[in-house]
Each structure stands twice: as C-alpha cells, then as structure tokens.
Amino acid sequence: MRFSHLTFPRRQLFHWDKITRVRKVLPPTNRMASSSLADFSNSIFTPLKPTTTTPRPLLPHNFPPRLPLCRAANINRRQLIAETAAAIALPPLLGISLSPLPAKADEAPLSEWERVFLPIDPGVVLLDIAFVPDNPNHGFLLGTRQTILETKDGGTTWVPRSIASAEEEDFNYRFNSISFKGKEGWIIGKPAILLHTSDAGENWERIPLSSQLPGDIVYIKATGEQSAEMVTDEGAIYITSNKGYNWRAAIQETVSATLNRTVSSGISGASYYTGTFSTVNRSPDGRYVAVSSRGNFYLTWEPGQAFWQPHNRAVARRIQSMGWRADGGLWLLVRGGGLYLSKGTGLTEDFEEVSVQSRGFGILDVGYRSQDEAWAAGGSGILLKTTNGGKTWIRDKAADNIAANLYSVKFINDNQGFVLGNDGVLLKYLG
C-alpha cells in the first residue's frame, strides 16, 4: 500500500538539549526530507506527557564528601585536621542525618573458635595435645617433624620445646600421643620412642623400648603413678606400673593372629588379615574401639578380655573413624562425610544415620564438650556443632577461610578445647 497520495498536517520536530535541558525546535533545514512515514506514525501515536517529579535538593558537586587523604608528603597535621573537620561538619549543615543504621536482630553470632598461630613450619601436622591436670595453663602440643610446643598461658601462645634425649639420634620423629596423670606424663612417637616426666614436663627422660615390639606405637594413656597403657597399630596393648621399664601384655595375641586363627571368622574382609589400625580410641573407663586400615570392619576390647572382638560395619560405606560419646555410646564416621550414632549406650552394632551439612567433605573426628554439646571437624575446615547429643548439627564458619584439614577435636575440660589440623593449624575454644 502506498501513502504518497495522502497528506498530513505538519508537526514540529524537537530536539532535547542535554546541556541547557531545554527542548528546542529544529529548523526546517534539519528536518527529514522524506518524512511521510514518520509524520504518519506521529499523527497516530500521541506522545507521552512528561511525568512530574519532585526536584532533588541542590547539593554541592563534590557530595558526598570524601575524607581527605595525604595527597602529598608536605601536607601538615593542621591542614589534615581542618579538612577532616570540614568534611564531617558538611552533612549536618545541609540537613542530612548521618546516624548509624540499627543493628540487625538476626545477625549471626561470633564464632566460638579462634585461630592460634604457631612458630612452626607450615607443613607440620598437629597430632595431639595435653595439659597438666594440676595446672591447666601448662600444656604440650605434638606434631610431625619432631614438633613439641609448650604453653604456660592456657594455649594462647606457644614456644618450641627441645628435649635433648629425643635429639641424640638422627631421626625426624613423628610424635603421636601425649598423656598426663597428675605431674606424670608420657610421650610416644614414630620411629619407636617413649618419653617420661615426673615433674609436669620440666624434665623428660627417654625409656628404652624393645625392638621386637609388634607394630608402631600409636596411643598412650597415663593411668596412675608410674603407670600407663600403650597401644600399637597391630592391636598389642601393654601395661606398665614401674615407669615403663617393664611392660605386661593385656591381650594374648595381635589382631592379625586373632582373625587368621580360624578359617572363617564371620567378619567381612577379616580372613587372612594383615593390615593395621587406622584409628584407635579409648573411653574413660578403659574400653577401646579401633577401625581397620581399610575401613571394612571395626574391633572393640574391654579390660579382662583376652582378644579383640571384631564387628561387621553396619553401613554400606567404609568406616573413617570411631569413638566414644559422653554418655558411653559410640559415634561412627564414614568416608564421604556421613555420621552415625549407636542406639543406646555401650557396645552395639546397631547404628542410625544423622543428617549433617558436610558439603561432601569427610568428617574426621568428633569431640564431646559435655553430654549434650559436641563438635565435629573434617576436611576443608569443616566445623559442626550439636547441642542435643548429636540429633541435629549446625555448621560453624570459623574455619571456612582456612585452607586446611582439621583432624582432631580435643576438650580438656568444659571451658578448654582445641582443634588440630595440618599446616600448623590450631583452633582454640572461646566458649
């Protein structure tokens, strides 16, 4: 369809001047020569009227004010104070209030943990911590690369501790476990080394160990005056009552001998077993629970038993670690971040899963502060807390920005706790 035979009233064309903010009429020479289609559209569609808005208050071109910076090295203190005072006084003169915003009622509380920086190499893995019962401010921290640190202010600051008897040989010891009972303390490490103190760690002496010891020592517990229990990764348990010069076997054979003594023990993965323990934990009343190195079953032992008792795992995934709850029950961690709790107290193979926000990272340890409150730690700085005995868990973001795995949770008492990790990461409980 052609519109050449139609005529339309001539409309004025306007131009918006951005500088003077005035609408100007374009001269005829600037108009489009062939504007029949434009004029047609303008005649049909009525232009929108500009909306009226409340004019803004006239403010200086440099508002909001900026605090003066030291623009040059020759600015003096008097000029800096004068410019700062002028910038602060400008908003009230213009009738603008700078009162602070009200705090949000739902803001997240501060974390209950803080990081303690240590004078050690970044690659050190922290393995155990203990304090003298008679002096809760005096403690020791162990790790790889022959690391022994000492604190006398409750764990706020640490200094390296040198023990001459542990430096005589050209070994780079990995100190695995430490324990105190009164002023008497014990330290064990790998290669096999045993240190003993009777004066709260002021002096340490080395106790000789037999070269025929089955496996590597992974755990020690001070039980009384000159008495201790020692466990190897092959399941041997030894007891001493004369400061470590003589040891008595608490079981008749190692785990490998127990499982391989019969053709079929009924435990999945136990036949012809030649592995070791990956983790071992002791309850306050002397019971032990240990996980096989492959995580396909676990074992328990109670004082008076002649052998370790193997148990099939009650979950599909392999076991990462196990330990004791404050009420006497068991907790069980599986690879991939799962958490299970035993039903009731005591030894049982009946577990139920608990939902946790592990974000796919593995949980490596659980530590109980009380019967209701516990903390779980794991890979990539995972920290979880429960206040109802483990039924529900919430994530604490204290270590989200720390690039480290958290291996162990230790509570010395209700008000003193620590989380140990790799790369020298140590978190202290604030309460």
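Residues numbered from 1 in each chain as written. Predicted model: local features only at pLDDT ≥ 70, side-chain atom pairs only at ≥ 80, totals over all residues. Heavy atoms only, no water.

**Some thoughts on the pairing of strand β25 (residues 374-378)**
Link 1 in the chain: Where burial is concerned, most of β25 is hidden: five out of the five residues are buried.
Link 2 in the chain: Residues Ala-374, Ala-376 and Gly-378 point to one face of β25 and Trp-375 and Ala-377 to the other, with burial holding for every one of them.
Link 3 in the chain: Here five bridges tie strand β24 (residues 363-368) to β25, and the two strands are oriented antiparallel to one another. Bridging across to β25, Ile-363 finds its partner in Gly-378.
Link 4 in the chain: If you look at the hairpin formed by β24 and β25, you'll find five residues sitting between the two strands.
Link 5 in the chain: Two elements, β25 and strand β26 (residues 383-386), share four bridges in a ladder whose sense is antiparallel. (Buried < 20%, exposed > 50% of the residue type's maximum accessible area, 1.4 Å probe, protein only. Helix = DSSP H or I, 4+ residues; strand = E, 2+ residues; numbered from the N terminus. Pairing = 2+ DSSP bridges.)

**Observations concerning the sheet that holds strand β30 (residues 426-429)**
Link 1 in the chain: Taken in spatial order, the four strands of this open sheet run β3-β30-β29-β28, and their pairing is antiparallel. The sheet is open, and its two edges are formed by β3 (113-116) and β28 (406-413), each paired on a single side. Each adjacent strand pair in this sheet contributes to an overall mean axis angle of 25°, direction not counted.
Link 2 in the chain: As defined by bridge partners, strand β29 (residues 416-421) adjoins β30 across three bridges and the pair is classed as antiparallel. Bridge pairing in β30 links Leu-420 to Leu-426. (Axes fitted to C-alpha atoms, helices over the stretch in contact; angles between N-to-C directions.)

**Some points on the side chain of Glu-229**
Link 1 in the chain: Looking at the element boundaries, Glu-229 is found in strand β13 (residues 227-232).
Link 2 in the chain: Overall, the relative accessible area of 12% leaves Glu-229 in the buried class.
Link 3 in the chain: Looking at Glu-229, its side chain comes within polar contact range of the side chain of Arg-282, at 3.1 Å.
Link 4 in the chain: The contacts of Glu-229, once residues within four sequence positions are left out, are Tyr-219, Ile-220, Lys-221, Thr-223, Tyr-238, Ile-239, Arg-282 and Tyr-288. (Polar contact = N/O pair within 3.5 Å; in protein donor to acceptor, adjacent residues only side chain to side chain. Contact = heavy atoms within 4.5 Å.)

**A look at the packing of aromatic side chains**
Link 1 in the chain: Within this structure, the stated rule accounts for 18 aromatic pairs.
Link 2 in the chain: For the ring pair Trp-113 and Trp-375, a centre distance of 5.3 Å and an interplane angle of 85° mean the geometry is edge-to-face. Of the two residues, Trp-113 is situated in strand β3 and Trp-375 in strand β25; the sequence distance between them amounts to 262 residues.
Link 3 in the chain: Using a relative accessible area of 6% as the deciding quantity, one classes Trp-113 as buried. (Phe/Tyr/Trp six-rings, centres within 6.5 Å; stacked < 30°, edge-to-face > 60°.)

**Overview of the nonpolar core**
Link 1 in the chain: Core analysis: the largest hydrophobic core is formed by 16 residues, its most contacted members being Ile-148, Phe-175, Ile-178, Phe-180, Ile-187, Leu-195 and Trp-204.
Link 2 in the chain: Of all the elements in the fold, those that place two or more residues in this core are β4 (126-132), β5 (135-143), β8 (174-181) and β10 (193-197).
Link 3 in the chain: Among the elements that take part in this core, β8 stands out by supplying three residues, more than any other.
Link 4 in the chain: Listed in part, the 15 residues of the second largest apolar core include Val-231, Val-255, Leu-299 and Trp-308. (Core = buried A, V, L, I, M, F, W, Y, C linked by side-chain atoms within 4.5 Å.)

**Here we look at the side chain of Glu-184**
Link 1 in the chain: Among the secondary structure elements, Glu-184 is positioned in strand β9 (residues 184-190).
Link 2 in the chain: For the buried Glu-184, no salt bridge is present, and the opposite-charge side chain at shortest range is Lys-243, 7.1 Å distant.
Link 3 in the chain: Not counting residues within four places of it along the chain, the set of residues in contact with Glu-184 comprises Ser-179, His-196, Thr-197, Ser-198, Ala-222, Gly-224, Glu-225, Gln-226, Ser-227 and Lys-243. (Lys, Arg positive; Asp, Glu negative; His and termini not counted. Salt bridge = Lys/Arg side-chain N within 4 Å of Asp/Glu carboxyl O.)

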